[in-house]
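Listed here are the chains, written in short residue letters.
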Amino acid sequence: MNIFFDLDGTLLNSQKRLYELFQYLVPSSDLSFDDYWKLKRNKVNHEEILTTKFGYSSMDFKKFEHLWMKEIELEKWLNLDVPFEGVTDFLKTLRKKNTLYLVTARQSKEMVNKQLHNFGWDSIFESVFVTEQQKEKHALIQENVTVSPTDWFIGDTGLDIKVGKLLGINTAAVLSGFLNEEKLTAYKPDLILENVTSFTHK
Ligand SMILES: [Mg+2]
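Below is a summary of the structure that appears in this document. Starting from 1, residues in each chain are numbered consecutively following that chain's sequence as written. Selection of residues for local features in this predicted model requires a pLDDT of at least 70, selection of side-chain atom pairs for listing and counting requires 80 or more, and totals for whole chains, interfaces and linings are taken over all residues. Just so you know, side-chain values use all the structure's heavy atoms and leave hydrogens and water out.

### Description of the nonpolar core
In terms of nonpolar packing, the biggest core is built from 25 residues, with Phe5, Leu11, Leu91, Trp121 and Phe125 touching the most fellow members. Numbering of helices and strands runs from the N terminus; a helix is a DSSP stretch of H or I covering at least four residues, while a strand is a stretch of E covering at least two. Among the elements of the structure, strand E1 (2-5), helix H6 (87-94), strand E4 (99-104), helix H7 (109-118), strand E6 (152-155) and strand E7 (170-174) are those that each provide at least two residues to this core. With four residues, H6 is the largest single contributor of residues to this core. For Phe5, the contacting residues outside a window of four places in its chain are Leu11, Phe90, Leu91, Leu94, Leu100, Tyr101, Leu102, Val103, Phe125, Ile154 and Val196. Put simply, a nonpolar core is a bunch of buried Ala, Val, Leu, Ile, Met, Phe, Trp, Tyr and Cys residues held in one set by side-chain atoms that sit within 4.5 Å of each other. For every residue, the accessible area obtained with a 1.4 Å probe (protein chains only) is divided by the maximum for its type, and the residue is called buried under 20%, exposed over 50%, and partly exposed between those limits. Judged by nonpolar contacts, the second largest core, of 21 residues, contains Tyr19, Ile49, Phe61 and Phe178. A contact between two residues is defined here by any heavy atoms of the two lying within 4.5 Å.

### Let's talk about the layout of surface pockets
A cavity here means a set of points on a 1 Å grid, drawn over the protein atoms and nothing else, where a 1.4 Å probe fits but cannot get out; a pocket is an open set with protein on both sides within 12 Å along at least five of seven lines, and a residue lines either one if it has an atom within 4 Å of a point. Grid points are joined across faces, edges and corners, and a volume is the space filled by probe spheres set on the points. Its boundaries defined by the atoms lining it, the largest pocket holds a volume of some 1200 Å³. Taken together, 38 residues make up the lining of the largest pocket; nearest its centre are Lys40, Trp68, Ala105, Thr157 and Phe178. Residue assignment for the lining of the largest pocket shows that the elements contributing at least two residues are helix H1 (15-25), helix H3 (46-54), helix H4 (58-71), helix H8 (137-144) and helix H9 (158-167). The class makeup of the residues in the lining of the largest pocket is 14 nonpolar, nine polar and 15 charged. Domain delimitation in this document rests on an assignment produced automatically or drawn from a domain database. Each of domain 1 (2-13 + 82-197) and domain 2 (15-78) gives at least three residues to the lining of the largest pocket. Here the term charged refers only to Asp, Glu, Lys and Arg, the term nonpolar to Ala, Val, Leu, Ile, Met, Phe, Trp, Tyr, Cys and Pro, and the term polar to all other amino acids, Gly among them.

### Concerning the packing of H3 against H4
Two elements in contact, H3 and H4, have axes whose closest approach is 10 Å; the angle formed by their N-to-C orientations is 135 degrees. With respect to H4, the axis of H3 lies oblique. Considering how the two elements wind past one another, H3 and H4 form a crossing that is right-handed. Contacts between H3 and H4 involve His46, Glu47 and Leu50 from the former and Phe61, Phe64 and Trp68 from the latter. Per-class residue counts for the contact of H3 with H4 are four nonpolar, one polar and one charged. The axes used here are C-alpha line fits, helices contributing only the stretch in contact, and every angle between their N-to-C directions lies in the interval 0 to 180 degrees. Each angle is binned into one of four classes, with values under 35 degrees roughly parallel, values over 145 roughly antiparallel, values of 65 to 115 roughly perpendicular, and all other values oblique. The handedness criterion is simple: a crossing whose near helix is rotated anticlockwise from the far helix by less than a right angle is left-handed, and one whose near helix is rotated clockwise is right-handed.

### Observations concerning the packing of aromatic side chains
Between rings of Phe, Tyr and Trp, where Trp is taken as its six-membered ring, a pair exists when centres lie within 6.5 Å; planes separated by under 30 degrees are stacked, by over 60 edge-to-face, and by other angles tilted. Scanning the model with the defined rule gives 16 aromatic pairs in all. Taking the centre distance of 6.3 Å and the plane angle of 85 degrees together, the rings of Phe5 and Phe90 count as edge-to-face. Residue Phe5 is located in strand E1, and its partner Phe90 is located in helix H6; the two are separated by 85 residues in the primary sequence. Both residues of the pair, Phe5 and Phe90, belong to the buried class. Between Phe119 and Trp121, the aromatic rings sit 5.2 Å apart at their centres with planes inclined by 55 degrees, giving tilted as the arrangement. Given the relative accessible area of 0%, Trp121 is considered buried. What links up through ring pairs into an aromatic cluster is the set Tyr19, Phe22, Phe33, Tyr36, Trp37, Phe54, Phe61, Phe64, Trp68 and Phe178. Charge-over-ring placement is defined geometrically: NZ (Lys) or CZ (Arg) within 6 Å of the ring centre, and within 35 degrees of the ring normal. A cation sits over an aromatic face here: Lys76 above Tyr24, 5.0 Å from the ring centre.

### Description of the environment of Val147
The residue Val147 is located in the loop between H8 and E6 in this model. Separated by 116 residues in the primary sequence, Val147 and Leu31 have C-alpha atoms spaced 43 Å apart. If we skip the residues at most four places from it in the chain, Val147 touches Asn2, Phe4, Ile141, Leu167 and Ile169.

### A closer look at the coordination of the magnesium ion
Four donors placed tetrahedrally about a metal ideally form angles of 109.5 degrees, and six donors placed octahedrally ideally form angles of 90 or 180 degrees. For Na, K and Ca the donor cutoff is 3.2 Å, while for all other metals N, O and S atoms count as donors only within 2.8 Å; water does not appear among the atoms, so some sites may look incomplete. Within the protein, the magnesium ion binds to Asp6 (OD), Asp8 (O) and Asp156 (OD); these donor distances fall in the range 2.1 to 2.2 Å. In primary sequence terms, the donor set of the magnesium ion follows D-x1-D-x147-D. With Asp8 in the loop between E1 and strand E2 (12-13) and Asp156 in the loop between E6 and H9, this residue pair connects regions lying 148 residues apart in the sequence. For Asp156, a relative accessible area of 1% gives the class buried.

### A word on unusual backbone geometry
Phi is positive for Lys43, close to 65 degrees, though the residue is something other than glycine. Secondary-structure assignment places Lys43 in the loop between helix H2 (33-41) and H3. Accessibility expressed as a relative area gives 45% for Lys43, which makes it partly exposed. Despite not being glycine, Glu132 has its phi angle at roughly 50 degrees, a positive value.

This is the structure we're talking about:
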């Protein structure tokens, strides 16, 4: 069986990286880590946060967005990412009987590989698909892997669930990432899990 994993929010806790970068780019922000993530997990996006709470114009927001994309995968921020507890052992066990793939919308393949290496995950995945802002996740998979309806896509966003559904495979949403349960339920995943390590397929 093929199992496709999203990276940020699914295998890695990236919350600190995103919060710290937000605070760096918005020095006037008085949002705590919890405030920020409560908003984000409730699907309130940066544009809404910045225009309603910090008086950003659309021009200010465009500037923020540009800087965000430029900074978000710099090593100094990526160093804040940590694998969720137990993920390494979970993946190592799962790969004994399944083929695991990583599918991420990151911009830099090089930095993804560097992180995987740092976590000792070099030999976990059959392939690592990085969209690099050029392709859609489902297109990358379709071009490279023959999927079957018993396969799984596991991710933390609505987009991940949509990708699994487009491929005609099973979908599991994890609550460890960027959206809360109410928001994820709206995308009708086959499973909703506290975190990725609670995944056990039938
Ligand atoms: Mg994610």
